[in-house]
Amino acid sequence: MNALQLKQFDDLRRGRINGITEHAQHLRLRANLERTLFTRVRTLIRKLGNSQAFLYREFGIYEPASAAQNMTEELFPVVSAHYRRTFLAIFELNNSFYRQTKQANIFGRDVEIERLVADYFATRQVLLSNISRRLTNQIMATIERGRAEGLSLQEIARNVSRQFTALSVSRAALISRTETHNAASHANHLYHGQAAADLNINMMKTWVSTGDARTRPEHRAANGQTVAMDEPFVLAHPKLGQVEMQYVSDPAGGAYHSVNCRCVVVYADERDVVTT
């Protein structure tokens, strides 16, 4: 190990780490990121509802497959750009913990941020496409219900527009919260995995949950669980019994452990102490 690596090795040591404080720092950052995505996704959902309502009111036309495709084509670049912002923000936050300065840099190693984001985005495309399909299916259900009730084209179109104005808030909030948290957790794991590999150190990771009544019982039970970097956390699951997750919101835990999750993993050199 050369002199630079020795210094970097020492820089990774943080001594005693307050896991609750670091958890709060991550959540503040993620909340700020969420707000940006929320606004953009809400706009897209309202646009979907209003445009399809217009077509149905004026021409009596609704093509779910075409509507879903258009929604997906607009959603993909918005979410991909958000992933990039999230990765950079998480790298910058971690660099501040270790007194590093370059945004897309992990202990002197330049990071191919575009490739990392593209690889992660590829794992989310099916899920994002399903969001579009579910939204357009809701439009179809509203139209079919209106037809069954004998409503006019104008009345059905008005119901679609009203429904999506209200729906846009709750759906955008869920999407922005989940996608921000998932991307941030993945980026956090990538960052520390790269640091551990480059510096050849024994990295540990500790699950830190939010201590309030909204936290899932399984996540509350996992609070403080500490394992080696390459080992999984083991969490209870109401249907599967147990699941193994490398990090918070790991897809291996399924939707049950990722949707609306507010947990954070704190990474530390094995010589450091993490309190929760």
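Keep in mind that what you see is a predicted model, and the values were worked out from it rather than measured.

Counting residues in hydrophobic clusters, the biggest one holds 45 residues, and the most contacted among them are Ile45, Tyr83, Phe87, Leu128, Leu135, Ile143 and Phe164. Taken together, the elements giving at least two residues each to this core come down to helix H2 (19-59), helix H3 (64-97), helix H4 (113-148) and helix H5 (153-199). A per-element tally of this core places H3 first, with 13 residues. Setting aside residues up to four positions removed in sequence, Phe164 forms contacts with Ile45, Arg46, Leu48, Gly49, Leu135, Gln138 and Ile139. In terms of nonpolar packing, the next biggest core, distinct from the first, is built from 18 residues, Leu199, Val227, Met229 and Phe233 among them.

Together, Phe54, Leu55, Phe59 and Ile61 make up an exposed nonpolar region whose accessible area comes to about 370 Å². Relative to the assigned elements, Leu55 resides in helix H2. Since its relative accessible area comes to 31%, Leu55 is described here as partly exposed.

Strands sit in the order E5-E4-E8 across an open sheet of 3 strands; the sheet is antiparallel. Bordering the open sheet on either side are strand E5 (226-228) and strand E8 (264-269), each of which pairs with just one other strand. Strand-to-strand twist of the sheet, defined as the mean angle between neighbouring strand axes without regard to direction, takes the value 30°. Bridge count for strand E4 (residues 203-208) against E8 is 6 bridges, and the pairing is antiparallel. Its bridge partner being in E8, Trp207 is matched across the sheet by Val265. Across the sheet, H2 is in contact with E4 and E8; its angle to E8 comes to roughly 130°. Against the sheet, H5 touches E4 and E8, its axis set at about 10° to E8.

Let's shift gears to the packing of aromatic side chains. Under the defined criterion, the tally for this structure stands at 9 aromatic pairs. Summarising the aromatic geometry, the rings of Phe91 and Tyr191 are spaced 5.6 Å apart at their centres and angled 55° between planes, so their arrangement reads as tilted. A residue pair is termed long-range when its members are at least 10 positions apart, and Phe91 in helix H3 and Tyr191 in helix H5 qualify at 100 residues. The same class applies to Phe91 and to Tyr191, which are both buried. With centroids separated by 6.3 Å and ring planes inclined at 10°, the aromatic side chains of Tyr98 and Tyr191 adopt a geometry described as stacked. In this pair, Tyr98 is assigned in the loop between H3 and strand E2 (105-106) and Tyr191 in helix H5, connecting sequence segments 93 residues apart. We note that Tyr98, like Tyr191, is buried. Grouping aromatic residues by their ring pairs yields a cluster made of Phe76, Tyr83, Phe87, Phe91, Tyr98, Tyr120, Phe121 and Tyr191. In this structure, Arg216 packs its charged tip against the face of Tyr256, placed 5.7 Å from the ring centre.

Quick notes on the rules
For every chain, the first residue of the written sequence is number 1, and numbering continues from 1 onward in sequence order. Per-residue local features of the predicted model are confined to residues with pLDDT of at least 70, and side-chain atom pairs are confined, for both listing and counting, to 80 or more; whole-chain, interface and lining totals are unaffected and use all residues. Excluded from the side-chain calculation are hydrogens and water; included are all heavy atoms of the structure. What we call a nonpolar core is a set of buried Ala, Val, Leu, Ile, Met, Phe, Trp, Tyr and Cys residues that are connected through their side-chain atoms within 4.5 Å. Here the term buried applies to any residue with accessible area under 20% of the maximum for its type, exposed to any over 50%, and partly exposed to those in between, with areas from a 1.4 Å probe on protein chains only. The secondary structure listing takes helices from DSSP runs of H or I that are at least 4 residues long and strands from runs of E that are at least 2 residues long, numbered from the N terminus. Residue contacts are defined here by distance: any two heavy atoms, one from each residue, within 4.5 Å place the two residues in contact. Like charges are joined within 9 Å and nonpolar side chains (Val, Leu, Ile, Met, Phe, Trp, Tyr) within 5 Å, but only among residues with over 30% relative accessible area and no salt bridge; these make up the patches. Per-residue accessibility takes into account occlusion by the displayed protein chains alone, with areas from the Shrake-Rupley method and a 1.4 Å probe. A pair is scored as a salt bridge if a Lys or Arg side-chain nitrogen falls within 4 Å of a carboxyl oxygen belonging to Asp or Glu. In this description, strands pair whenever DSSP reports at least two bridges between them. Each axis is a line fitted through C-alpha atoms, taken for helices only over the stretch in contact, and angles between the N-to-C directions span 0 to 180 degrees. Two aromatic rings, drawn from Phe, Tyr or Trp (for Trp, its six-membered ring), form a pair once their centres lie within 6.5 Å of each other, and the interplanar angle then sorts them: stacked below 30 degrees, edge-to-face above 60, tilted otherwise. Sitting over a ring, as applied to charges here, requires NZ of Lys or CZ of Arg to be within 6 Å of the ring centre and within 35 degrees of the ring normal.

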